[in-house]
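Fold and geometry: a report
Next come the chains, spelled out residue by residue.
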Amino acid sequence: MKTIFRRSFSGFIVVILILVVLVPILVFNTIESKLNDLALINLTRTAESLEFTFASMLEDDPAELDSIADELGRRLNLRITLISRDGIVLADSEEQPDIMENHRTRPEVICAFNGEAGTSSRHSATLDRDMLYVAVPVEIGDSIPAVIRTSLFFSDLKSILQGIITDMAIIMLVVLIAGLIIAWLFSRSFADPIRNIADVTRKVGKGDYSIRVAPCSVSELSELSSDINGMISRTNELIEELSGKNISLDAILGSIVEGLVVISSGGIVIHANRSFRRMASAGDHEEGFGYLDFVSNSEFRDFIGSVLNSEIVSGEVKSDGNTFSARAADIPETDQFVITFRDITEIAAIARMKRKFAANASHELRTPLTSIKGYAETILENLSGEDRRYLKTILRNTDRLIRIVDDIRILSELEHPATSLDMSDVNLEDAVNDAIEFFSGKAEEKGLDLIFEKETRIPIIRADRFRIEQVLINLIDNAVRYTPAGAVTVRIGARGHFVTIVVSDTGIGIEEEHLLRLFERFYVVDKARSRNRGGTGLGLAIVKHIVTLHGGWVRVSSTPGSGSMFTVGLPDTESP
Ligand code: ADP
């Protein structure tokens, strides 16, 4: 590629060469034609001024004509020839007239005998040289007895032109050398600052921010230089600021107890903090390598692999007796994602203990409570009045306790990691019919309509029938309990790849602020009301657990005062 210097210097050279070659040619041509004109004028004037001398000598002293012509020719440095009308040379300053051939047919002579000055340039047969001729008539009275011809050797003109050419060549050589020197200096004055700017920006690109562009005398380049210097300073400040931030970010990430790793979608580890290295046995491996080389712990490797394959975004990683809760998130506008690992070993142990305790306690409490209930019912038959009322209260609370104990047992069973579903082909229509049948007495007691709506195709799904019945019972139970008047409707339909069970009612409804927390354990909207209606706050938590175990979902929508609608989606195993 051409440099700016070469480009501008070669441009200047072309211009200089054109000037140095073209100008002399044009000037030389002009000078040559002007010199020719001048010579012709001079020859004509000289011939005209000699006319008088030769006219009188022709008449008075014709014998002296040749010697006069010789003398005048020598003095004027011209060739002078006198030719008579019949073409005989009467006198000639360069040759003997008597040996010269007849000149009658010479064009300039013919023209002069016609009364006008004649000119011609041609080879002289007499002198064997190129010459320029002018002939004027010698007039005596009305007749033209002879013509005077003045002539010049072309070689004389050429020697003048030769001198001009030599002078011009010297001048042009000086112009050429001076032009080249000026062009070289001029091109340097452009190219040097630009090269300086390029050198500086290259060094800045390599990370040297201490360098600056030198000042320059060309105003535009000087502006550019100072702009670039400003840019370098600002970039330096920004980089210092950024690296400061980076250092503190590294320090922060390094000191947090959660393990954190940033991975590209291609599996390259971009950043890993100290805690992650410890958890995943990554040691002091350098970042920038694939996670398979970086992470030695196979459980962590498997989890990262599943995230990379978009199979999961969160989960638990169990390794060497420890449990880590892991969560992955995309980093916006990059192809990277960050995974955090939190050590939940203690929390998991407490949860395990709680589950075990709940299971044991509910198991241990169920037998005495059933026996209390049995004895109380037996005593009730023999009691009346106040005592009967007290015992009824004891019985109602015992029922409630039994319900709570049962719900706790069910929940702890569901939450146990080893819980498996007893899957079989379940006919939902049968299951809903059974549940409706179960609540028909209660609904009738409250004067509620219990309606079952179904689509034409009710699919058979793969599910745990006992658990699905539990879902239906909990939802219909709530609907009946929280609906003072109107109807409870169960509808089976389909949405995408899911079979849906919708339980809606015309009951008291739920305020929006409670909807998100409704499926939490022991969450009740109104404690007193729930207790009065025999609620435990566990029914919906159980529903959510069962549905999730089936790979489904549950949603609620409600309008306070108008009713609620619970929708359960279960995977449609018959769907293509
Ligand atoms: P509970 O045993 O108290 O009914 P759930 O977990 O089944 O516990 O329900 C949680 C809370 O959700 C209830 O206390 C109740 O306030 C509200 N709820 C559940 N179903 C309905 C419904 N169909 N209509 C109005 N409120 C409901």
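Values in this document were obtained by computation on a predicted structure and should not be read as measured data.

About the thresholds
- Residues numbered from 1 in each chain as written.
- Predicted model: local features only at pLDDT ≥ 70, side-chain atom pairs only at ≥ 80, totals over all residues.
- Heavy atoms only, no water.
- Pairing = 2+ DSSP bridges.
- Helix = DSSP H or I, 4+ residues; strand = E, 2+ residues; numbered from the N terminus.
- Axes fitted to C-alpha atoms, helices over the stretch in contact; angles between N-to-C directions.
- Contact = heavy atoms within 4.5 Å.
- Buried < 20%, exposed > 50% of the residue type's maximum accessible area, 1.4 Å probe, protein only.
- Parallel < 35°, antiparallel > 145°, perpendicular 65-115°, else oblique.
- Left-handed = near helix turned anticlockwise from the far one by under 90°.
- Phe/Tyr/Trp six-rings, centres within 6.5 Å; stacked < 30°, edge-to-face > 60°.
- Lys NZ or Arg CZ within 6 Å of the ring centre and 35° of its normal.
- Domains from an automatic or database assignment.
- Salt bridge = Lys/Arg side-chain N within 4 Å of Asp/Glu carboxyl O.
- Core = buried A, V, L, I, M, F, W, Y, C linked by side-chain atoms within 4.5 Å.
- Nonpolar A, V, L, I, M, F, W, Y, C, P; charged D, E, K, R; others polar.
- Expected span 1.5 Å × (residues − 1).
- Bend = angle between axes of the 7 residues up to and from the residue.
- Polar contact = N/O pair within 3.5 Å; in protein donor to acceptor, adjacent residues only side chain to side chain.

Our next topic: the sheet that holds strand β8 (residues 314-319). Taking strand neighbours across the sheet as the criterion, the five strands line up as β7-β6-β10-β9-β8 in an open arrangement whose pairing is antiparallel. At either margin of the open sheet sits one strand with a lone partner, and together these are β7 (269-272) and β8. Across the sheet, the axes of successive neighbouring strands diverge by a mean angle of 25°, strand direction being ignored. Strand contacts of helix α8 (residues 298-308): β6 (259-264), β8, β9 (322-330) and β10 (336-343), with the helix running at about 160° to β8, the strand carrying the most contacts.

The next subject is unusual backbone geometry. A positive phi angle, near 50°, is found at Ser281, a position not held by glycine. By secondary structure assignment, the location of Ser281 is in the loop between α6 (274-279) and α7 (291-294). Under the relative-accessibility criterion, Ser281 is labelled partly exposed at 37%. Phi at Phe522 is positive, roughly 65°, even though this residue is not glycine. Inspection of the secondary structure assignment puts Phe522 in the loop between α13 (512-515) and α14 (527-532).

As a packed pair, helix α10 (residues 385-415) and helix α12 (residues 465-481) sit with axes 13 Å apart at the nearest point and diverge in direction by 140°. Here α12 runs oblique to α10, going by the angle between their axes. Considering how the two elements wind past one another, α10 and α12 form a crossing that is left-handed. Between α10, through Arg403, Ile410, Glu413 and Leu414, and α12, the contact on the second element is made entirely by Arg467, Gln470, Asp477 and Arg481.

Right, let's talk about the pairing of strand β16 (residues 553-559) for a bit. In terms of strand pairing, β16 meets strand β17 (residues 563-571) through seven bridges, oriented antiparallel. Looking at β17, one finds that Ser558 is bridged to Ser564.

What follows deals with the packing of aromatic side chains. What the rule picks out here adds up to 11 aromatic pairs. On the numbers, 6.3 Å between centres and 85° between planes, the contact of Phe5 with Trp184 is edge-to-face. With Phe5 in helix α1 (residues 4-60) and Trp184 in helix α4 (residues 154-205), this residue pair connects regions lying 179 residues apart in the sequence. When its relative accessible area of 12% is taken as the criterion, Phe5 is described as buried. The class for Trp184 is partly exposed, based on a relative accessible area of 39%. Note that Arg129 overlies the ring of Phe153, its terminal NZ or CZ placed 3.9 Å from the centroid. Over the ring of Trp553 we find Arg555, and its NZ or CZ is 4.0 Å from the ring centre.

With that settled, the discussion passes to the domain arrangement of the protein chain. What the domain assignment lists for the protein chain is domain 1 (4-160), domain 2 (209-250), domain 3 (256-343), domain 4 (348-415) and domain 5 (424-571). For domain 2 and domain 3, the distance between their C-alpha centroids amounts to 38 Å.

Here the focus is the side chain of Thr150. Mapped onto the fold, Thr150 is located in strand β5 (residues 143-153). Under the relative-accessibility criterion, Thr150 is labelled buried at 0%. Sequence-distant contacts of Thr150, that is, excluding residues within four places in its chain, are made with Leu43, Thr46, Ala47, Leu50, Arg79, Ile80, Leu132, Tyr133 and Val134.

Our focus in this paragraph is the sheet that holds strand β1 (residues 79-84). To summarise the sheet geometry, strands pair through backbone hydrogen bonds and adopt either a parallel or an antiparallel arrangement. Spatially, β2-β1-β5-β4-β3 is the arrangement adopted by the five strands of the open sheet, whose pairing is antiparallel. Edge positions in the open sheet fall to β2 (89-92) and β3 (118-124), since each of these has one partner strand only. Within this sheet the neighbouring strands show an average axis-to-axis angle of 25°, counted without direction. The pairing of β1 with β5 spans six bridges and is classified as antiparallel. In the sheet register, Ser84 faces β5, and the bridge partner there is Ala146. Strands β1 and β2 of the sheet are contacted by helix α2 (residues 65-76), whose axis makes an angle of about 40° with β2.

Tallying each qualifying case throughout the model produces 27 salt bridges. A salt bridge links Glu101 to Arg106, with the nearest nitrogen and oxygen atoms 3.1 Å apart. By relative accessible area, Glu101 is classed as partly exposed at 45%. Across the pair Arg366 and Asp406 runs a salt bridge, and its minimum N-O distance is 2.6 Å. With Arg366 in helix α9 (residues 345-381) and Asp406 in helix α10, this pair connects stretches of sequence that are 40 residues apart. A network of salt bridges, in which partner residues are shared, links Arg403, Lys442, Asp477 and Arg481.

Moving on, we come to the nonpolar core. Formed by 46 residues in total, the largest nonpolar core has its most connected members in Ile476 and Leu518. Two domains each put at least three residues into this core: domain 4 (348-415) and domain 5 (424-571). Once residues within four sequence positions are removed from consideration, Ile476 is found in contact with Ala435, Ile436, Phe439, Leu450, Val490 and Val503. In terms of nonpolar packing, the next biggest core, distinct from the first, is built from 27 residues, Ala69, Leu132, Leu152 and Met168 among them.

Turning to the packing of α9 against α10, a few remarks are in order. Running from amino to carboxyl end, α9 crosses α10 at an angle of 155°, the nearest separation of the two axes being 8 Å. Classified by the angle between their axes, α9 and α10 sit roughly antiparallel to one another. Judged by the sense of rotation from one axis to the other, the crossing of α9 with α10 is left-handed. Its residues placed into classes, the contact of α9 with α10 shows 14 nonpolar, four polar and 10 charged.

Before going further, it helps to examine α1. In an α-helix, one full turn covers 3.6 residues, which means residues spaced three or four apart are oriented alike. Over its 57 residues, α1 runs 83 Å from end to end, which matches the ideal 84 Å to within 8%, given 1.5 Å per residue. At Glu51, α1 shows its largest bend, some 35°.

As a further point, take the environment of Thr398. Position of Thr398 relative to the elements: it lies in helix α10. A sequence separation of 25 residues divides Thr398 from Lys373, and the C-alpha atoms of the two residues are 6.4 Å apart. Excluding anything up to four places from it in sequence, Thr398 contacts Leu369, Ile372 and Lys373. From its side chain, Thr398 meets the backbone oxygen of Ile394 in a polar contact 2.6 Å long.

Looking at the secondary structure, you find Asp92 in strand β2. Here Thr81 takes part through its side chain, which lies 2.6 Å from a polar atom of the side chain of Asp92. Not counting residues within four places of it along the chain, the set of residues in contact with Asp92 comprises Asp66, Ala69, Asp70, Arg79, Ile80, Thr81, Pro97 and Met100.

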